[in-house]
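A closer look at the structure
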Amino acid sequence: MTTLDRPAPPAPPPGGDLESQTFGVFRRPTQTLGWRSWLFTVDHKRIGIMYGVAAISFFVIGGIEALLIRIQLAGPDGTMLSADVYNQMFTMHATTMIFLFAMPMASALANYLVPLQIGARDVAFPRLNAFSFWCFIVGGLFVNTSWLLGGAADGGWFMYAPNSGVAYSPSTGIDIWALGLQITGIASLVGAINLIVTIINMRAPGMTLMKMPAFTWMAMVTQFLLAFAVPVITVALVLLTLQRSFGATFFEPAAGADPLLWQHLFWIFGHPEVYILILPAFGITSEIIPVFSKKPLFGYPLVVFSGVVIGFVGFGVWAHHMFASGLGPVSVSVFAASSMAIAIPTGIKIVNWTLTMWGGKLRFTVAMMFAIGLIVEFTVGGLSGVTHAVAPSDTQQTDTYYIVAHIHYVLFGGAVLGFFAAFYYWWPKVFGKCLSERIGYWNFWLMLIGMNLTFGPMHVLGLQGQPRRMYVWSEARAGTGPFDLGFWNLVASIGSFVMAAGILLFLVNVVYTHRTAPPAPLDPWDARTLEWMTSNPPADHNWDRIPNVQHLDEYFHRKYEDIGTDGHTDLRRVATAEAILAQERTDDTDDIHLPSPSYWPLIAALALPVIAYGIVFHLVLCALGATMLLAAVFGWALEPSVLTTNAAAGHGHSAPDSTT
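Per-chain numbering applies: the sequence of each chain, read as written, is numbered from 1 onward. Only residues with pLDDT of 70 or above have their local features reported here, since the model is predicted, and side-chain atom pairs are shown and tallied only from 80 upward, although totals for entire chains, interfaces and linings are computed over all residues. Hydrogens and water molecules were not included; the side-chain quantities draw on all heavy atoms of the structure.

**Remarks on helix H9 (residues 329-341)**
Convention followed: Helix and strand definitions here come from DSSP, where helices need a minimum of 4 consecutive H or I residues and strands a minimum of 2 consecutive E residues; each element is numbered from the N-terminal end. Residue count minus one, scaled by 1.5 Å, sets the expected span of a helix. Categorising residues by exposure relies on relative accessible area from a 1.4 Å probe, with only protein chains included: less than 20% of the type maximum marks a residue as buried, more than 50% marks it as exposed, and the intermediate range marks it as partly exposed. It is the directions from the helix axis to the C-beta atoms whose arc is reported. By definition, residues are in contact when any of their heavy atoms lie within 4.5 Å.
When the terminal C-alpha atoms of H9 are compared, their 18 Å separation across 13 residues agrees well with the 18 Å that a helix rising 1.5 Å per residue should span. Turning to H9, its buried residues are Val-332, Phe-335, Ala-336, Ser-338 and Ser-339. Projected down its long axis, H9 carries its buried residues within an arc of 165 degrees, all on one side. Relative to its buried face, H9 has exposed residues pointing more than 90 degrees away, namely Pro-329, Val-330 and Val-334. On its buried face, H9 is in contact with helix H8 (300-313), helix H10 (343-357) and helix H12 (391-397).

**Observations regarding a nonpolar patch on the surface**
Our working definition: Like charges within 9 Å and nonpolar side chains (Val, Leu, Ile, Met, Phe, Trp, Tyr) within 5 Å are joined into patches, using only residues over 30% in relative accessible area that form no salt bridge. Residue-level accessible areas treat just the shown protein chains as cover; the underlying method is Shrake-Rupley with a 1.4 Å probe. Each salt bridge in this description consists of a side-chain nitrogen of Lys or Arg and a carboxyl oxygen of Asp or Glu lying within 4 Å of one another.
A surface patch of nonpolar side chains, amounting to about 490 Å² of accessible area, comprises Val-238, Leu-242, Phe-246, Phe-250, Leu-261 and Leu-619. Counting residues per element, the nonpolar patch draws most heavily on helix H6 (residues 214-246), at 3 residues. Considering the arrangement of structural elements, one finds Leu-261 in helix H7 (residues 260-293). The class for Leu-261 is partly exposed, based on a relative accessible area of 36%.

**Some words on unusual backbone geometry**
In this structure, Pro-162 follows Ala-161 across a cis peptide bond, with omega equal to 5 degrees. If you trace the backbone, Pro-162 turns up in the loop between helix H4 (126-144) and helix H5 (173-201). At the junction of Asn-536 and Pro-537, the peptide bond is cis and its omega measures out at -15 degrees in the coordinates. Within the secondary structure, Pro-537 is located in the loop between helix H16 (485-516) and helix H17 (554-559). Positive phi outside glycine occurs at Met-159, with the angle close to 50 degrees. With respect to the helices and strands, the residue Met-159 is situated in the loop between H4 and H5. You can call Met-159 buried: its relative accessible area is 0%. In this structure, Asp-553 takes a positive phi of about 60 degrees despite not being glycine.

**Structural notes on the confidence of the model for the protein chain**
The test is simple: Each residue carries a pLDDT score, the predictor's confidence in it, ranging from 0 to 100.
Across the protein chain, the average pLDDT comes to 89, with 90% of residues at or above 70. Predicted confidence for residues 643-660 stays below pLDDT 50, and this span has 61 contacts to residues more than four positions away or in other chains.

**Some points on helix H2 (residues 44-73)**
What counts here: Residues adjacent in sequence count toward polar contacts only when both atoms are side-chain atoms; beyond that, a polar contact is any pair of N or O atoms within 3.5 Å, and within protein one must be able to donate a hydrogen and the other to accept it.
Its 30 residues give H2 an end-to-end C-alpha distance of 43 Å, which sits within 8% of 44 Å, the value for a rise of 1.5 Å per residue. Of the residues that open H2, the one with a side-chain oxygen 3.1 Å from the backbone nitrogen of Lys-45 is Asp-43.

What follows is the structure, encoded as structure tokens:
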């Protein structure tokens, strides 16, 4: 019997909801099962929340790893970590922060916000969206199980050959690391394709590309970067797995291979990866600055196209990570020039944000302060980055703490501050309550002061020659005077705990808000973009009526009318948020179709680490995992696509699923 031949599901009993419905051999969960509704959900909003919670959890883990590193280096002859454990710690810290926090946090925001910002009810492929999330979860947990299985990966997040070979790292840590990142790579690639299709095909009527919010634009550029960059790192990781587990010799000089092959493959992914992390934060800043400046985004087309240029040029600068490897003068000159050129579109964004604030009616909310903090701190990181485009300078700085300072100013001062700005700005949209501004100010200042105390001194340490992966230093090497390595290492370690205190305050703020804060106003910030035209939080189906878009910043135009004269802008409020929401509401929601929940994406994702463990430990597990995966794909393909629930009670609606 085909899906179309199956009889319609039974109607729910009067006054109650179905816990499950039988379709042949399949027994389907509904959206009314409490905690199970989260496990089986395909709702983009719930998936976005789960992405965010998981990413913050990994952020805490990565932060603890960083604190252990700074305790080890706070004084001479540190004994907190052995050399071997220190190698594992800095490898897993970077891996966690990049692959398990920053990338999925960007996915969390894109999953939740993009369909709302473009006026869609969901993403294009809801079940693939769920599969993407579960691949990220199982991949992240799989990587961290290496701590319990003989030790974690110890070759650095860049995993240079030949150090990543079995001869130099005989434990299973790198094997688990490589396979785990391949699983999370599946999550990134599937999610990227899903969001690209969603943005291109599912925009509300009238929303042309140049009427899309800046965050949606930056999210789309990021997904294209992922679509082209993730396959490259996947190839590199497959080659590494084949070399370590099956005796291949792709990076062995003795077999006629070239270890630099790994570096090229890794950095062709690794430098676009920097923009994969930072472009979503640029989009966040481009949303927040106009709202709290009471002005439209200055030079919106330039902001959009500069983001596109950053994504394009980002693929042509990878070899500035390899200036010390002997590429030759022609290659070095070309990549030095492209590395300088990419600063131009970034500078355009900074100028546009500054001019947006210029002459505006600024409101220094916590979200606004984090956004301004991003502009300042990322500029510092960008200026130090320009020095890496100068090949002789870069050759001296390579593998020193100067590099550590630069990357943290770019990623923490850029991506992390941007994410925290997003937390404070969109929290009432997601959870219906505003985070405490009073606690938020302390959160902001402790994080800002802490990051400068931590990463600022690393410029000095690097210029004085401290290697970036030195696990211990002695009094004899510390020196004296203003360039005393001991003093600046201690300052950096103190700063890391100040920064950690700020992050802890954010978690306190979340708990405090959940327990005591009243419901947030419908439009607490007087926002501009379409997602604020829904309730807080939005309904399952997002919109009763899909909005018809006529302007950039459509929601703002519905609230205000320009009555300016003589070239001056003078706005008059013509509608409240409540009135606009009431106009869009309708009781006729019976024909709204949403995809039904599914447990097959979870089962399919769970099969992947079983296969991976089989590659590392015993091939029998590969057969078991492959069987699970085939069964999940079979069930996914043949499960019913229509589910009837009690729509009147505010639960799901009958729906064909785009992926079936």
